[in-house]
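Spelled out, the chains give:
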Amino acid sequence: MDNRVTRRGVMKGGLALASGAAAASVFGPSTKAWAAGKLEIFSWWTSGGEAAALETLTSAYLKTFPGTELINATVAGGGGSNALPVLQARLSGGNPPDSWQTISGRALLDTYADPGFAEDITDLYESEGWIDKIPPAVLDLVRKNGRYYGVNTGAHRSNEVWFNKKLLAKNGIEIGDTLSFDQFFAAAEKLKTAGVNALAVGDNGIWANQRMFENTFNGVLGYDQTQKLWKGELAFNAPEMKEAMKIHLRMLEFQNPDHSALSWDQAVGKVINGTSAFNMMGDWAYGEFVKAGAKDGVDFGWVSHPGTDDIFIIVTDCFTVAKGAPNAVEARNWLRAIGSAEAQLAFSLKKGAVAPRLDIDKSKLPPYLQWSYHKFATNKFTGSSVNGEQVPASFVQASTDALTSFVVTKNVDRFADALKAAQDATKS
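Reading guide: rules and limits
- Residues numbered from 1 in each chain as written.
- Predicted model: local features only at pLDDT ≥ 70, side-chain atom pairs only at ≥ 80, totals over all residues.
- Heavy atoms only, no water.
- Domains from an automatic or database assignment.
- Contact = heavy atoms within 4.5 Å.
- Buried area = accessible area lost by both parts, 1.4 Å probe.
- Salt bridge = Lys/Arg side-chain N within 4 Å of Asp/Glu carboxyl O.
- Helix = DSSP H or I, 4+ residues; strand = E, 2+ residues; numbered from the N terminus.
- Core = buried A, V, L, I, M, F, W, Y, C linked by side-chain atoms within 4.5 Å.
- Buried < 20%, exposed > 50% of the residue type's maximum accessible area, 1.4 Å probe, protein only.

(A) Broad picture of the domain arrangement of the protein chain. Domain assignment breaks the protein chain into domain 1 (37–156 + 315–382) and domain 2 (160–313 + 385–427). On a C-alpha basis, the centroid separation for the pair domain 1 and domain 2 is 26 Å. Counting from both sides, the interface comprises 34 residues of domain 1 and, opposite them, 32 residues of domain 2. A per-residue breakdown of the area domain 1 buries against domain 2 is headed by Tyr-368, Lys-380 and Thr-382, which together make up 25% of the total. Counting across the interface, domain 1 meets domain 2 through 1 salt bridge. The salt bridge involving Lys-375 is made with Asp-309; its shortest N-O contact spans 3.0 Å.

Structure follows, in structure tokens:
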């Protein structure tokens with residue numbers, strides 16, 4: 001584990017008190033004067049854009065609760081690939097961090113709420129007035145049987161295609177309001193002929209490849225058929241799914257040769273620096289563009305993954321309070337801070353996620369987030385299977401193993417049958 005950032009707020013004689021007036025200015029009457037202590041938060045946000053976004057949350061907390069020794073326990077690895085085993089070992093060993101980042105939905109509720117690792121924080125939702133400020137579909141991702149177990153920091157749209165506008169213009173390629181599979185392949189062929197790498201992929205964590213495949217099968221199936229897939233009414237080895245697998249393989253023909261050596265954010269970097277044209281990744285990629293100083297709609301553009309313009313494949317991160325947290329008061333104050341409208345807007349601007357709260361100042365959103373917020377308001381929501389939001393952990397692992405084999409063997413029938421077996425296993 002990399003406890004790489006230890007921050008302290010303003011200290012007076014080793015003790016700090018948050019005045020009732022200062023606290024109430026952000027959180028209302030539920031926050032009282034309070035003696036500083038210690039707080040450990042655990043996450044996998046270590047890339048440039050992720051770290052900058054996390055900094056907005058820690059700053060919001062320390063501004064209102066100064067003097068706390070804030071231990072930022074981070075474990076590098078996109079999608080929590082390295083962090084989650086470390087976290088599980090700590091929870092099982094009775095050594096929990098006070099609060100940890102996780103994906104909402106089944107990843108939170110099945111893995112942490114049901115076994116009793118995450119504390120019920122329903123009282124915070126009631127005292128802070130959050131329930132009326134967040135869409136019910138987003139609340140459902142942290143709610144079970146009417147009780148709440150996490151505070152969402154942002155709602156990511158994972159089905160985006162990012163591109164270097166100047167590189168495409170140099171090669172006579174223009175992207176409109178939507179992008180079809182045929183249009184993508186035509187552009188990719190043109191770029192290949194010109195000696196330009198079309199598709200930047202960084203899948204040293206295979207989840208990045210899974211993300212592309214999930215976006216593709218959503219685009220091939222469409223919303224209604226995808227819902228049948230999740231309900232078990234459409235089999236993973238159906239002809240439509242096999243078509244999506246073939247399209248995925250064709251896309252990978254245009255990826256960079258060093259893809260397996262790169263992380264997801266390094267792949268985004270290839271689009272930023274103009275050595276690749278496209279990247280297919282959720283809008284946490286936006287934070288990397290911002291960190292690099294790239295300008296929305298000038299240096300880079302975006303469009304929905306082919307076939308998904310009316311779909312919002314939602315990936316929400318949340319923070320919990322550990323049951324039996326060593327510093328429970330500080331952990332609950334942490335959730336109060338990151339659940340505020342001010343903190344969620346600041347986080348959104350750095351991370352690229354839509355703020356779950358409906359009462360943020362939308363006039364401060366840059367072009368991409370204006371576009372994404374419109375999608376959030378008008379698209380049909382579907383959860384992601386890559387991080388376990390839509391499916392149980394057993395399916396995530398089985399599909400990960402199957403895709404890892406598929407990108408090597410390129411055997412569509414074997415891949416389809418492996419996913420069908422994983423689908424059947426979730427029914428038993």
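(B) Spotlight on the environment of Ala-261. Mapped onto the elements, Ala-261 comes out in the loop between helix 11 (239–252) and helix 12 (264–272). In this structure the C-alpha to C-alpha distance between Ala-261 and Asn-204, which are 57 residues apart in sequence, comes to 5.5 Å. Other than its neighbours up to four places away in sequence, Ala-261 contacts Asn-204 and Gln-266.

(C) Quick look at the nonpolar core. Trp-162, Trp-334 and Leu-335 are the most contacted members of the largest nonpolar core, which has 81 residues in total. Here this core gets 6 residues from one element, more than from any other, and that element is helix 2 (residues 48–64). Formed by 26 residues, the second largest nonpolar core is a distinct cluster that contains Leu-179, Ile-247, Met-251 and Phe-278.

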